[in-house]
Each structure stands twice: as structure tokens, then as C-alpha cells.
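# Working through the structure, step by step
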There are 2 protein chains.
Amino acid sequence: MSNLKRVYMANTDLAPIREALQTQGRELRDLLGGKGSNLFIMTSEGLPVPEAFTVTTDACNEYQALGRKFPEGLEDEIMAALAELESQTGKQFGDPQNPLLVSVRSGAKFSMPGMMDTVLNLGLNDEVAEGMIKLTQNERFVWDAYRRFIMMFGDVVMGVEREEFENCLDQVKEEEGVTLDVDVSAAGLKKVVELEKTVYEKHLGKAFPQDPREQLMEGVRAVFDSWGNDRAVAYREMNKIPHNLGTAVNVQLMVFGNMGNDSGTGVAFTRDPSTGENVIYGEFLLNAQGEDVVAGTRTPEPIADLEEQMPEIYRQFVGICDQLEELYKNMQDVEFTIERGKLYMLQCRNGKRTAAAAIRIAVEMEKEGLVTEAEAVMLVEPVQLDQVLHPQFDPEQKPEPLAKGVAASPGAAAGKVVFTAAHAVAEAEAGQRVILVRRETSPDDIRGMNASQGILTSMGGKTSHAAVVGRQMGKPCVVGCAAVELSNGQMSVNGTVIKEGEYISIDGTTGEVMLGDVPTTDSDIIRVVQGRLAPEEAPIYGLFAQLMTWADETRALGVRTNADTPDDSALALALGAEGIGLTRTEHMFFGEKRLLTFQKMILSERVEEREAAAAELLPFQQEDFYGILKAMDGKPVIIRLLDPPLHEFLPKDPAGVKAASEVTGKSEQEIMDVSASLHELNPMLGHRGCRLGVTFPEIYKMQVRAIFQAACQLKQEGLNPIPEVMIPLVGIIGELEITGTDAKAVAQEVLSEQGVELEYMLGTMIELPRAALIAGDIAKLAEFFSFGTNDLTQTVYGFSRDDVEGKFIPAYVSKQIVPVSPFESLDEQGVGRLIALACKEGREARPSLELGICGEHGGDPDSVDFCHRVGLDYVSCSPLRVPIARLAAAQAQVKNPR
Amino acid sequence: MSNLKRVYMANTDLAPIREALQTQGRELRDLLGGKGSNLFIMTSEGLPVPEAFTVTTDACNEYQALGRKFPEGLEDEIMAALAELESQTGKQFGDPQNPLLVSVRSGAKFSMPGMMDTVLNLGLNDEVAEGMIKLTQNERFVWDAYRRFIMMFGDVVMGVEREEFENCLDQVKEEEGVTLDVDVSAAGLKKVVELEKTVYEKHLGKAFPQDPREQLMEGVRAVFDSWGNDRAVAYREMNKIPHNLGTAVNVQLMVFGNMGNDSGTGVAFTRDPSTGENVIYGEFLLNAQGEDVVAGTRTPEPIADLEEQMPEIYRQFVGICDQLEELYKNMQDVEFTIERGKLYMLQCRNGKRTAAAAIRIAVEMEKEGLVTEAEAVMLVEPVQLDQVLHPQFDPEQKPEPLAKGVAASPGAAAGKVVFTAAHAVAEAEAGQRVILVRRETSPDDIRGMNASQGILTSMGGKTSHAAVVGRQMGKPCVVGCAAVELSNGQMSVNGTVIKEGEYISIDGTTGEVMLGDVPTTDSDIIRVVQGRLAPEEAPIYGLFAQLMTWADETRALGVRTNADTPDDSALALALGAEGIGLTRTEHMFFGEKRLLTFQKMILSERVEEREAAAAELLPFQQEDFYGILKAMDGKPVIIRLLDPPLHEFLPKDPAGVKAASEVTGKSEQEIMDVSASLHELNPMLGHRGCRLGVTFPEIYKMQVRAIFQAACQLKQEGLNPIPEVMIPLVGIIGELEITGTDAKAVAQEVLSEQGVELEYMLGTMIELPRAALIAGDIAKLAEFFSFGTNDLTQTVYGFSRDDVEGKFIPAYVSKQIVPVSPFESLDEQGVGRLIALACKEGREARPSLELGICGEHGGDPDSVDFCHRVGLDYVSCSPLRVPIARLAAAQAQVKNPR
């Protein structure tokens, strides 16, 4: 960090900073935070930004490392920057004649809405207040600013309950007999200031600080400290943000939107964040400070109204929005203030948006020539696609809504009503679907929101906390539904009383609130690809298809699906799957008739009996494979031979034992004895996978015969089946020698019998550390590898997913021992290292080796990125995740072209 | 194999062959087999060896690879060698005037006694027989040779039951009214030949072949085929001999020990294979062929008698024995024949011997100046030491013997009597100790012998099959116990009837057979090192100590022990352990009072309760550690913090639940609920090791406190404790950060409290693949690594030892998927690769990193050899295995000097 400073002025030359950062592999936002770097960039572009300086994230990290102490010299650097700010603005800290007031705001690398704290109007004290009254001739404005400042400082910086200060205002409002803040008199606000100072002194044992420099340093300290508060920690955990990034502190000249009706403040998106439509979307309030808009306490006006009220300002604002979009090549979320007829930009950042909006914005920005196809592909978060692929309410079964609120985050959600975040968490942990219903949400509710299917609030608008966070989480969300009244632990909606635990359903796309557990139906995109809806009836489909086309043109990594049925195969195909990466054959044995026959096989003592039972199963398996290979005609289909331990198929209850006894002719006692003998202490590490193929070759031989008989049948019908036979759980070369030789012999036998020529492959799962370590040898016999990263993660970590994931992994995540469960996102350092090794040594032994992944990681964008970098040929994931994988693969290629 | 021939004459120049082999990393015995290479070497040394040629193992492997077909040109090469043999001997195949007769014998790289088949007198036919009668004037000898040849050829080469031919002899003996073979007349033997030829034709549908060349090629084929027979395969499996080595075929001029009383044959060891005493030890028979000695059908004379009967020959023989010992620097096992007063050496090889003999021979050969110390160290198989360290019968409790036989393989064994190898295997699999009792054993009994505690036979001598195999297996063995009569599925010994399933005990050191299950006692060496026996009363001790001294001087690898008690620690120390590589702390919680307190801790819901329970356990743990650290004064002691999952400590039965309920004040239902909540599907991969340390830090803190309080106490007493604290099951760096920081803080706290300065180390187990993969990071925090190869093997293979070792691993071994269970001998390719990686990257991060192994592999010589090569500092094993590890480490250093 040698040649970087701890404090920078916003109008500084960015080039040398960027250069220094580049040598450290960092970018501007790493040092200045997202908010800070955007302030600096807007300033350098000549936009009207109030003068500012920023204390870097590095300084914050030094502070944390010193056990929450300011590093030597930091105060001096801040004071020097302050002097420069005074010089730039011509105003002085604490000067009653020409006072400098500043905002102090946190700003980390990644936007963390509502998580970090802000202090406005810092610099005010008794003397400055008096001076400002003289200067502005607006006593009401000054006392209002001062009382807000004391409250924020007391709450945010010093930790006094906000409510204590709010009571002061309420007391005066009551005394004056008014209900709205704007109706309180100047004298009243002055009284509020006095009351607040008393509250401050009562709680902190000392007077409210009159020295602006002391205020500033305390403000910086508060921002630094807020990096470690519970809500911030929880937010980072949920969003996989490292705890060691630190936050910057932005100190900016205050401008005032509450200096009369030629002033105002607002927030806006450069496009509609809900639909993506290319219209400026936002709200503003005249004669107000920013917090009034966000808090939802006064109902703001739509931004369009600004055109009528301040046409010049509006034109200027629209121009700035266009300029920002061109600059960032992305939709922007901006904050602005108008002070006595002059527009100031306070903040800009890439705007959060729904999946539908993201898709539309990406496609339209390309059409507008703003971005290239590759840039468009980067504009949609792959996981967001979930939102447009997952179910909606079935229109046929949707009841009349009880009420309608603001549609803030799209999607269908149904669940039991809960009224607190804590209940939401508890019920969700108990496996219940819940809808969190609140007057409004706050950062304290984050965990509860995450645990809910959807969120409903009675207050707030599209930019309220609930709406912003809901969209970001992809949770259906309806806000500002005034018909919802909350009291006494129940809600009533237009007369209907709903108690905690009863079901409601909310539609975040329409804003509707319905009684009961309304069934959901497939999304428009799914219905279009399945031919159940005309594309022109689903505008999202065309946009989605366009984006996916670009993604497919961009990506180097193939995308297959994991599917065990013809229906799943067909859906995945329609969603762009290029083949099947994993068909699990064991699910096919669980049909009732099949299960009993399979049990007969397990319970046979002699090879001949087992072979006879296998022969009975053959037609069933052949039919299964026929359907899947037919659905995937012309595309490769990897079929994994039996994997789970045999005891999973044996009856556990007396009725099952009885049925098995009747079919097999074995006594119930014998069946229970076999069950007991097959019991394992650690079934995950037991007699399964190819270990079964070695000890009971009849099973694999039957399965291979079924695969090739099905393939021959299709070939004879003029289709082009491409089966790839996969041996699971290979760890020793001899296992593959034996099972592979058997499989090839059976395949050849069937092809000869049927007189059919067919291309096929024989390969293995790589799902044990030893398989990766001997990949060079395995590749001599295997034509493809499929990394089974679920099992590989289990064995590399020594974690049984069943036993650790719900148990201590959450504690590990919260202690930051792991950033995220390794079963969710692939562990590059450990598991990934073995994968990279196996890829390298496998390809050395067989350059044509086909490499893929079929663990659940195949649908996780970060893991897809790794798979691209490590050189796999394809990823395979569940059908609904196929578009996500396609998009993630395209983004991986843009980031690291192959 | 380019410049090597498929057939070599025994008098060939060895230098160019050795040179060619060296480029392939092979030695002479790889190509010519053990027997062949020794024949060639003896020939080149000028010893009297009958002329011979050898078909190589490479030719055998070609034959196997071609699906049991002779490779192109091999027959021509053999015929050319035969022509050369004819030229060297001046005899002709099939020439009645001067016939060449040969023996055809198998000879693999490793000696496989009784496994492979031999044909003598090959070349005989009707015409040759008549010619030889004229030449030798010894009709009886010729017909005897011919009838033996037809029998061996029919049995060994063509697979007709040997009994069918034996019946021919029996028939004639009956006709002539004689009982001994030697009493059958010449005419009678001629009749036997005719009868055998009829048997041959009856079974094979063609006449006995009269063409000696056809006989020869069939003989070679039979030897090649015998490589794949069941007994040979079983032997190789048991002895870890690869199946792909192949066997050579030795074709050698026949010499005859049965040409009258100036002829004879014998076998001998150059020293006593049972005691190691430097006297020639063996047996001979006059007027006999070799098989008569080995078969045990005639009782041979001790070799010493030869001195009286043929003093010249004896002197020559003794000289050859000395010459061979000097040549091979090892005790030799030789076969010889005297033909009409001329001595021929037929075979020599390193002789099998007991552990006691091996030790004595090694030490005495060094004292005699025959070998260096390092060579002496190589003369004892490390695993053999088991025999002199393991228990003997307690002399106090040893009953009067029922009978006494020949003491053929030392050691004490007791078990249930079984009369067949199959029963032995079945009972052993059911967990029973058995003694196999047989008239005599044959290669068909190998598996049964291996499954038994010991072997008792009623016939045969010290060189019988049972004796040779018993010694090699380290199984106590008593042979030739004529008092044992076997009939009707029971045995009677001097009037005492013993049925299958009753207990007997045998002492292979004294030859005694006792009724009942006699308790065993510690070996002499153990009693000496524990001060319970004076060294001068145990001659083996001095020799053992000398050998161990040389081993210690030679080895580079340290040897520690795994010990959980002061007693075990003291024993290991006495056996040469240089510290403790693993103390398991969990065993200490299983004492009754401790267990209840520990349960209280587990059942506590609050940290304070757990801390209180931990505080109660502290004095117990401190006492444990005090004892161990005191026993190991001045030597490092690695103490592993708690490893197993908590549910292992909770009561499983109602009585235990009740007791826990009383102690903890929790209801029985609550206890059962906690038990259920802690239940895991795969406990091996669950909440254990440092995962407990992370979630329940109280436990580890208490343990660390106990360790350091104990250490301080010892230090204050003037001793020098060296504790090394080990964190188990680390897989993620954060786990070590948290638990390691806790441990260091507690250690520092105790040292400050006590005012003691103490050197200690903090390190980790490396027992998960991920730990090995991130070893570079771990080494930044850990001062030592201890490879936990039991768990590492489980996770690298995905094998639960409990579930696979008794179940399908035996099938894997017999199918040669694995050469041996990877839990027995370390898997170098997979597990070893991770160990090597961790060593390299660990040492790169911390050059002073201490590296060791504490899995059970630490006592396995092959694994010790790997540990030496991979650069570990020490191995750690159970106390009785310490000498084995010391010797194995010395041998590793001789083979690959560091």
C-alpha cells in the first residue's frame, strides 16, 4: 500500500491511483468503496457533485487491525483534507459566518443497503446554528437541520436509541397540536434541539460536542465501527462478501433539499428496475432531505412530476442520467438534491433490478448501441434468472385478491403468515414456508426476510427497504399495501382477520395479496419452451431468448443437464441443454413392482438367482433408457450405473418386509437378517458404486444390456442415440478394469446381436480423492471423466453432507471458517486443486478425454466460472438451472477468454 | 526386452545379461527366477552343478499374454538349447546308447515352496529304458526311474490324479507281498510301468508320449501353466507377490541319488534355521531321489551322519556350504545329490528361518566378518521380530504336555481343534482361534494354515511342508507328533480323545502339545526390558539388543510410539521409542466417574455449565498427562486433543441413561433426545476432531490447561517434559486459526500462572485430503504435522474401514484389485502422493516443520520404507511394533541412503 494515501480529495487525478492499485490487483472501488469511487468518477466527469473527500478502506482495515484504534497520523491526514475542502468550498468548519456542513457516509466495495450508517449536517453546533439563521434567514430550516443532526449523531455515532430523540419531536408536535413534521414551527424545532441535547447528556454523561472536528472524528470512528455491527456481518455472510474488505468514509459538503420549495431531493433509477423499461423511474420530495424519501414517512411524488415543476432541472437531470448510463454502460441508481434551484448529484451506483428488468435492460442497451453483446451478457446476474424460470401462480386457481399493494419484487409466494423476523427464521428452520408481514422492514429484519418465501409490508414504496432488499434477494415482495392493518399479533385486510400461522399468498408481479395457499404454476418462459404459451403472449420470452443466444455465442463451456426421466430431459433440452451429464439409474428401481424385483435380486444367494431377477428388471430399464435417449436424440447421454448401497432398497417397515417375503419366497426373518448384514456404520464410505459392480457384476451387466438394447431399438427406428456409460465411485484402477471390461463386452454382445453400429463412450465419475490422484491411469481406460463434486467435496473435507450441512457448517460460515458451504459453491483451493490435477493428468494420458462436472455445483455461477477456467468441456445441472449455467459460462468466457 | 534371449545356458557369461537387465531396472532373478539365477551363479563359481538351461520368465509372460500359447520361435530356441545341452553333456535325447535325461522345474523370482511343479527323469521312453538297462546294468533303477517319470508326467503335466498311478505301485507291492518301495523287484517295477502306461492311456485317450522332445515341450507348458494354478495364486496373494512376474523353467541334466549305496540325496541349511546356530543342518537318504527326502515317506538321516559314511563327500559339501555363505552373505538352503560317489549341487537359495535364528545368524555373521553391520541389519525380516516379542506360554500355568513332536516353528498358540483347512478358514472368519491338526499338510492347506493360530501334524520333519510354511508365516508349528492319531473326525493323543471344537495348545519352541486353552505370557525380550528377567537368562536378548543397536546406528528415521498410558509409554521406551507420536486423550474419559462428568459436559446447554463440567475433568486429565510426560521425561510427547464425536460418550442403554440422568439432573427423555440429535448417518465424516474444538472450545481449553499444568508440575520437580499439542482433523485453515489461538493462549496463561518456561509445539494431524492439499497454509501455523494415515486412507479411498475391511476388501485382494488392504500397508500411489505433496509444501512454508506418521502404518515395514523415502522425521507405532519399525527404518536407509 506504499504509494497510496489514506485520504483523497474527490477531485483528485484518478490515473496515478488506478495505476498504483493495478500493481496490487485492485481497482478503485477496493480502495475508495463503491460510493466513493463513483463520487470521484462523477466529479472527474464534470458532473455537479458537492465537494468531498474520502478516507480509504485501507485506513479502515488499519483501524480494525489495531483493535479499533485510529492509526498514527490518520487524524492529521483527515484534518489536512478538511482544510482542502474548506478551501475548495470557501466555507469553514465552525465558522458562524460561512459554516461548512458535511455528510459522513460509509461506502464499502459492495453496496450494502441499509447496513452502514450515515450522519448528515455534521459541523452544526449552537454557534453555527445562530450564524446560519442570520445567513439563510430561515430559522426553521436551521433548527430542523440541527435537530436531525443531534439525533443522527446521538443514534448512529454514540449509540443512543433513536426513539429517545424521536420522542422529543413527538412531544413538541403534541404541544403544537400538529401531526406532520413540516407543520412544526421554527420555535418548536428549536425546542426539539434543546430537548435532544438533554437526552444526549442524560444518556452519555457529557454534553453534545460543540467542536465540529471532534464531531467529524467521532463520525469517522462510527462508520469504521459499523463495518463490524451485527447487521453488516449478517449481510456479508448472506451475500458472500469477505469480512476483510473494510469500508471507506465519504465526507461531503452538505447541500440542502429542505431550504424551501425551490429545493428538494430524490432518488431515481435511470430505467425501471422492475420491468426494465427505458424510462427514468423514481421519486422526489420538495423541501425535504434524502432520508424523507427513503424512510417512507412522507409519500413522495413520481419523478415525472418534476418535469412540470422544474423543467430546467428535470432536463439537466435526464441528461446526467444518459451521461451516467453511457459512462457506466449500466442502469444507474442515483440520489440527487436540489438546493435553491441548483441540482447536485449525491451518489450513483449500478441499480438493483429484477431478473426481468435485467434481461430487458441488457437486451435493449445492446439494441441502443450502448453495450456490445458480451457487455450485455455481463449485465444479468445468472442466479437472477431463477426469478423468471420459477413458478408463478396458476391463473386458473388464483382467487380474488384481498388487497393490492405495490408490486416491488416479482414472483409468486405462498406460506404461513409470520409477524416477526425471528418467527420467520424459526418456522423456516422447522421446514415451513412463511410470508413475513411487517409495517415496514429494517436492516434488523434481513435474516427473517431471507428465511421467508416472500415479504408483505403495509407501508413504503418501491424504493423502501423491503422493496430494495426483496428484489435483491429474488424474493417476491408487495409493499405499501395500506389495506393491511397490523395489531395485537394479527392482521386484518379489508375486514378479513388473519392470524399468525394461517396461509396467505402474494404476487410480487401484480402486487396482489390473496387468502390461502394458492398453487403456483410454471413461469411464462417454461410454458413457452414447453409449447403451452405462444411466445408473443410472453414478452419476457423474446428478451430471454435473445440474451441466451448471445450467451451461447459467447461461451466456450458446454451445458448439459442432470435428468432421470424423459420429461426432465425434454424440459432441459428446451432450456438449452446440450446433452445429459448425469442420468441416475437407481431412481428407476423405486417403482413398486420394480422395487420388489430388485429386492429379489438383492436377497438372492446364488449368481443364477440374481441373474434371473436382473433379467426381470431388464425390460423396465430398457424402457427408461429408450425414453431418455429418444428425448435427447443426437445428443450425448451419460448414464451412471447403479450407485447407492443395496440396503437402501431393502424394506424398512414390517409391511415392506412382508411384501418382499411374498415375492422372494424368503422368510421375513431372512430378509431382516440380510438387511442387518448390509447395514453400514458409514454408508457414504461403504459398499456402493462400482464396488457393487465388482462384487455383483449381474447388476451392471443388466444395466449395460438395457442401455444398448434401447439404443439399438432407436437406431433401428432411424434415430441417433449417443449413450455414454459411466462407472461411479472408481478409486482403484482395477475396479474400472473389471467393470469396464464387463460393460464393453456386454455392449459389443448387444450390438452384434442386433447388427447395429453405434458410437458410444465408457467413462467414470471422478468423485474420490484417489480417483483424481490416479487420473492419468484412469484416463487410459476411460474416455470421459465426470467430476462428482458432491461426493468429492465430502471426501476431500471429510464432511458427510447429511451430518454437517445443517449442523456445524452454519457456525463455520458465521465464524468465517468457510465463506459459504462448500456444497453450495465449489471449494477451489482443495476440491478444485484435485480437479485441476485430474484434468491435467487425464488429458496428458488421453488428449481427447471429455471432461465435465455433474455435482450440484454445475448450476452455481461461481463454480461454473471455475469449471471454465480449469478447462472442462461442459457443466451439467438440473433443468431449471440450465439457463443460469449458460449465462454463467458466457460471463466466465468474457472474464477469462479461452 | 530387446537384446535378451528367451533361453540361456547355465554356463553363459552373466555380465552382459546383468547389464541389459540393469537398463530395465531388473536383476538376474527377475529374468531367470530365483532357482535359475542361483544355478547360473553356482555354475559360474565352478561348483559341481549338473549342466542346465533356463527358459526365462519373459517367455512365460509372453505365453500368458498370448492366452497360453507358445510365442513364435520359442520352441526353436528351446531345441537349440537342448542341442547345446547334448553337446555339453555328450548325451543325446532319446539315444538308447547314451541317453540324456533332464529335470524340468519351475523357478519364479520369489521362492514359492510346494507351489510350483517339477518333473524328473524327462527323456525316458521304452527304448531309452532298455538302453539304460544295458548301460547301467541296473534294471531296478531304470524301471524305478521310468515309473516315477510316467507318474509325474501324468500327474503334473497332464493332470491325471496322482493316486491313479500310486495304485499301480500298491498293486504290485501287494502282489509281491512287500510294504516298502525299495523291496519291490525290478520285474515288479517294470510291471508298474506297464500298468501306469495303461492308466495314462485310459485317462488321456492317447499313449504315453515316446518322443522326448514332445515330453520336454509339454513339461515347459506345464510349468508355465502352473503359474496360474489356484495354489500358486493363493500363495502370491498371501505373500503380496505380483501375479505378473511369471516363472522361469529350468531344464537340467538328471543326476541320480538312487543308483545304489554310493549314491544319495539330501537337503540342508548352512546353519540351523530354527536356532541360528552355526552348524550345517539337514537330512539325507542314501539310494534315493530328492522327493523321498521332502515327502517324509522315508525317515532321513541327519546330515552329520554323512561325515562317517562318506567323509570325502562331506568335507567337499561343507566347503561348498562355506563358499556359498561367503558368496551370498546369507544362510543357504541347498539340495544336493551324490551319484556314484560324485557330489552335485542341484539348488541353493537363501534359507527360511525363525526370527530367533535370523537374529542370531545376522549377529554372528557380522562377528565372523562375513557381513558388515548394515548387511547384518538386512538379514532379518522386520515383521519376523513379532515372533520374539509376542507372548509365550506362562510357565506357571503350562500343564503337562500330552505329547511332544518336532518343534518346527516357535511360539505359543492355543485354539479350538479343526481338522480341515476349510473349517479353519470358516472358524477364523467367525472370530475363533483355531489350531489346524493334520496328518501332514499340502499346498492345498495354505489358506487354512494362514487362518490358524498354529499347526500340528502327526507326520513329517523339520523340512516338511508344514514346518517350512509355518516358519515362514510366523505360525507356531509342531510336526511329526506321532502320538497324535487322527480318525473319524477326532484325534486321540496317548489315549486322550479330542473332538473338533475342543481346545488344545501347542508350543512351537519346545514341540509340546497340551490339552486346553493355556494362557500365554510375555516373551523373554519383553520380560528382560521390563526388568523381570535377567538378560543372561535370555540369550536371545543380547543378540536382539546388538541387532537393534546396529539398526539404530544405521537408520535416519526416528521411531516413536502410540501410547495412552504411562505403562505403555514405559514399555515402548524400553523397546527403543524416542518419544510419543500419538496419545489419544479420549480413552481417558471412559473411566466411570469421568464418563459421567463428561456426559454432564455434553448435556450442558450453556457455556458456563460446560465450563464447570470441564473444570471437574481437569484434575483427571492432568493426572493422565503427568504420568505419561513423566514416563517420557526428556522426550517429545504428542498429545492429540479430543477426536471422536460426542455421541460416542453418551449412554446407549437404559441403565446408562438413568445414571447420567442422576448425575446431570437432566430427565432421561432429555438425554435420549440429545443422543438422538447427535446421531449421525456417517459419524466418520461428522462432528468430530477440531470441529468439536471450534463449536465447544471449553473442551480443548480444559485439555490444554491439563497438559500445561502437568508439564509445569514436572518442570517444578526438576524433570524435562516436552509436550506437543496436536489438533486433529484440520481441513480448513480457519479451524486451526481458532483452535490453535485458543490453545496457545491457554498454554501461555498456565505458564505465566506457574512462572514456568517451557518449550512446546503446536501442530496438526494431516488426515484429510484437504489438509494435505493446503499443507503450505497449515504449516504457517503448525509446527509439526502428524499424518493420520488411517483416516487419510479412509477419505482418499472413500472407504469406511469398519464397513469395507471385513466385507469387500478380501474380495478386492483376491481379484488383485488391491495387492493388500490399504489399511495394512500404505497406498503409495494415492495416499502416499498426498503425503509427499504435504511434506514438500509444508517444508517450503516452514523448513523446520516436524513430520511424522501416527497411523497404524507406522508399524508396517513397507510403509516405514515409504516414510523414510518421503522424508519424514519419525514413524510412530504401538509399543510392540517399535523394534520392527527401528529395523525397517534401518533397512530403508540401507536401500535408499538419505
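If you're wondering where the values come from, they're calculated on a predicted model, not measured in any experiment.

In this section: the overall build of chain A. When you go through chain A residue by residue, the secondary structure sums to 37 helices and 31 strands. Here the C-alpha radius of gyration of chain A, 32 Å, is about what a compact globule of 898 residues would show, namely 29 Å. Viewed in the frame of its principal axes, chain A has a C-alpha envelope of about 105 × 65 × 55 Å. For chain A, the proportion of its 898 residues judged to be buried stands at 59%. In chain A, of all internal contacts separated by at least 6 residues, the share reaching a separation of at least 24 is 68%. A total accessible area of about 33800 Å² is found for chain A, and carbon and sulfur atoms account for 48% of it. Placing the 85 positive and 135 negative side-chain charges of chain A at their respective mean positions leaves the two points 2 Å apart.

The next thing to look at is the interface of chain A and chain B. Contacts between chain A and chain B engage 47 residues on the former and 46 residues on the latter. At the boundary of chain A with chain B, total buried surface from both sides reaches about 4200 Å², with 58% on carbon and sulfur atoms. Of all residues in chain A, Leu685(A), Arg770(A) and Arg833(A) give up the largest surface area on contact with chain B, accounting jointly for 16% of the area buried on that side. Across the contact surface, chain A and chain B share four salt bridges. Of the charged contacts, one joins Asp827(B) and Arg770(A) as a salt bridge, the two residues approaching to 2.7 Å between their closest N and O atoms. Where chain A touches chain B, the interface holds 30 residue pairs in polar contact (both at pLDDT 80 or more). Residue contributions to the side of chain A that touches chain B peak at six residues, all from helix H35 (residues 828–845) of chain A. Residue composition of the side of chain A that touches chain B, grouped by class: 23 nonpolar, 12 polar and 12 charged.

Let us look at a negative patch on the surface. Residue and element names in this part refer to chain A. On the surface, a cluster of negative charge is contributed by Glu161, Glu163, Asp170 and Glu174. With respect to the helices, strands and loops of the structure, aspartate 170 is situated in helix H7 (residues 162–176). Look at aspartate 170 and you get partly exposed, because its relative accessible area is 39%.

So, about the relation of the copies chain A and chain B. Each copy superposes on the other: chain A lies on chain B with an RMSD of 0.3 Å after a rotation of 179 degrees and an axial shift of 0.4 Å. In the structure described here, the two chain copies are related by an operation that fits a two-fold rotation axis. Taking C-alpha positions as reference, the residue of chain A nearest the rotation axis is Asn682(A), located at 2.1 Å.

As a further point, take the packing of helix H32 (residues 789–797) of chain A against H35(A). All names here are of chain A. At a minimum axis separation of 9 Å, H32 and H35 run at an interaxial angle of 115 degrees. Crossing of H32 over H35 shows right-handed handedness. For the pair formed by H32 and H35, the contact residues are Thr789, Leu792, Thr793, Val796 and Tyr797 on the first element and Gly830, Val831, Leu834 and Ile835 on the second. Here the residues of the contact of H32 with H35 sort into six nonpolar, three polar and no charged.

For sheets, the rule is that strands pair by backbone hydrogen bonds, running either parallel or antiparallel. Residue and element names in this part refer to chain A. Pairing in this closed barrel of eight strands is parallel, and the strands run E24-E25-E26-E27-E28-E29-E30-E31 around the ring. The mean angle between the axes of side-by-side strands here comes to 30 degrees, regardless of whether they run parallel or antiparallel. Direction of pairing for strand E27 (residues 722–727) relative to strand E28 (residues 761–766): parallel, over a ladder of four bridges. What sits directly across from glutamate 724, in E28, is methionine 761. Each of E27 and E28 touches helix H29 (residues 733–754); the most contacted strand, E28, lies at about 150 degrees to it. Taken strand by strand, helix H37 (residues 882–895) contacts strand E24 (558–562) and strand E31 (874–877), and its axis lies near 160 degrees from that of E24.

As a further point, take the nonpolar core. Counting 286 residues, the largest nonpolar core has Ile359(A), Phe785(A), Phe787(A), Phe785(B) and Phe787(B) as the members making the most contacts within it. If we skip the residues at most four places from it in the chain, Ile359(A) touches Val380(A), Leu385(A), Val388(A), Ile540(A), Leu543(A), Phe544(A) and Leu547(A).

Residue and element names in this part refer to chain A. Mapping arginine 640 onto the fold places it in strand E26 (residues 636–640). When its relative accessible area of 7% is taken as the criterion, arginine 640 is described as buried. Within the local environment of arginine 640, its side chain forms a polar contact with the side chain of glutamate 586, the two groups lying 2.7 Å apart. For arginine 640, the residues in contact, after removing those within four places along its chain, are Leu582, Thr583, Arg584, Thr585, Glu586, Met726, Pro728 and Met765.

Next up on the list: the packing of H7(A) against helix H8 (residues 186–204) of chain A. All names here are of chain A. Contact pair H7 / H8: the axes reach a minimum separation of 9 Å and the direction vectors enclose 145 degrees. For H7 against H8, the interelement crossing comes out right-handed. Across from Glu164, Phe165, Cys168, Leu169, Gln171, Val172, Glu175 and Glu176 in H7, the residues of H8 making contact are Gly188, Leu189, Lys191, Val192, Leu195, Glu196, Val199, Tyr200, Lys202 and His203. Tallied by class, residues from the contact of H7 with H8 come to nine nonpolar, three polar and six charged.

On to the sheet that holds strand E19 (residues 490–493) of chain B, then. All names here are of chain B. Spatial ordering of the open sheet is given by E18-E19-E20, a layout of three strands whose pairing is antiparallel. The sheet is open, and its two borders are formed by strand E18 (484–487) and strand E20 (496–499), each paired with just one other strand. Strand after strand, the sheet turns through a mean of 25 degrees between neighbouring axes, direction not considered. Here four bridges tie E18 to E19, and the two strands are oriented antiparallel to one another.

In this section: the packing of aromatic side chains. Residue and element names in this part refer to chain B. Going through the model one piece at a time under the given rule, you end up with 42 aromatic pairs over all chains. Here the aromatic rings of phenylalanine 317 and phenylalanine 336 are separated by 4.6 Å at their centres, their planes lie at 50 degrees, and the arrangement is tilted. Of this pair, phenylalanine 317 sits in helix H13 (residues 311–328) while phenylalanine 336 is found in strand E9 (residues 332–339), placing the two residues 19 residues apart along the sequence. As far as the burial class goes, phenylalanine 317 and phenylalanine 336 line up, both buried.

This part is about the confidence of the model for chain A. Per-residue confidence for chain A averages 91 on the pLDDT scale, and 97% of its residues sit at or above 70. Model confidence for the complex is summarised by a pTM of 0.83, with the ipTM given as 0.82.

Residue and element names in this part refer to chain B. Along the chain, the position of leucine 4 falls in the segment before strand E1 (7–9). Given the relative accessible area of 12%, leucine 4 is considered buried. When neighbours within four sequence positions are excluded, leucine 4 is seen to be in contact with Ile17, Ala20, Leu21, Gln24, Arg26, Leu31 and Asp58.

With that settled, the discussion passes to the environment of Glu753(B). All names here are of chain B. Here glutamate 753 shows up in helix H29 (residues 733–754). Residue classification places glutamate 753 among the partly exposed residues on the basis of a relative accessible area of 47%. Residues glutamate 753 and glutamine 709, 44 residues apart in the sequence, show an inter-C-alpha distance of 9.5 Å. Those residues within four positions of glutamate 753 in sequence are excluded, and the remaining contacts are Arg705 and Gln709. Only 2.8 Å separates the side chain of glutamate 753 from the side chain of arginine 705, close enough to count as a polar contact.

What counts, and at which threshold
- Residues numbered from 1 in each chain as written.
- Chains lettered and ligands numbered in written order.
- Predicted model: local features only at pLDDT ≥ 70, side-chain atom pairs only at ≥ 80, totals over all residues.
- Heavy atoms only, no water.
- Helix = DSSP H or I, 4+ residues; strand = E, 2+ residues; numbered from the N terminus.
- Rg over C-alpha atoms; globule rule 2.2 N^0.38 Å.
- Buried < 20%, exposed > 50% of the residue type's maximum accessible area, 1.4 Å probe, protein only.
- Contact = heavy atoms within 4.5 Å.
- Areas by Shrake-Rupley, 256 points an atom, 1.4 Å probe, with all protein chains shown as cover.
- Lys, Arg positive; Asp, Glu negative; His and termini not counted.
- Charge placed at Lys NZ, Arg CZ, Asp CG, Glu CD.
- Buried area = accessible area lost by both parts, 1.4 Å probe.
- Salt bridge = Lys/Arg side-chain N within 4 Å of Asp/Glu carboxyl O.
- Polar contact = N/O pair within 3.5 Å; in protein donor to acceptor, adjacent residues only side chain to side chain.
- Nonpolar A, V, L, I, M, F, W, Y, C, P; charged D, E, K, R; others polar.
- Patch = residues over 30% accessible without salt bridge, like charges linked within 9 Å, V, L, I, M, F, W, Y side chains within 5 Å.
- Least-squares fit on C-alpha atoms with pLDDT ≥ 70 in both.
- Axes fitted to C-alpha atoms, helices over the stretch in contact; angles between N-to-C directions.
- Left-handed = near helix turned anticlockwise from the far one by under 90°.
- Pairing = 2+ DSSP bridges.
- Core = buried A, V, L, I, M, F, W, Y, C linked by side-chain atoms within 4.5 Å.
- Phe/Tyr/Trp six-rings, centres within 6.5 Å; stacked < 30°, edge-to-face > 60°.
- pLDDT = per-residue confidence, 0-100.

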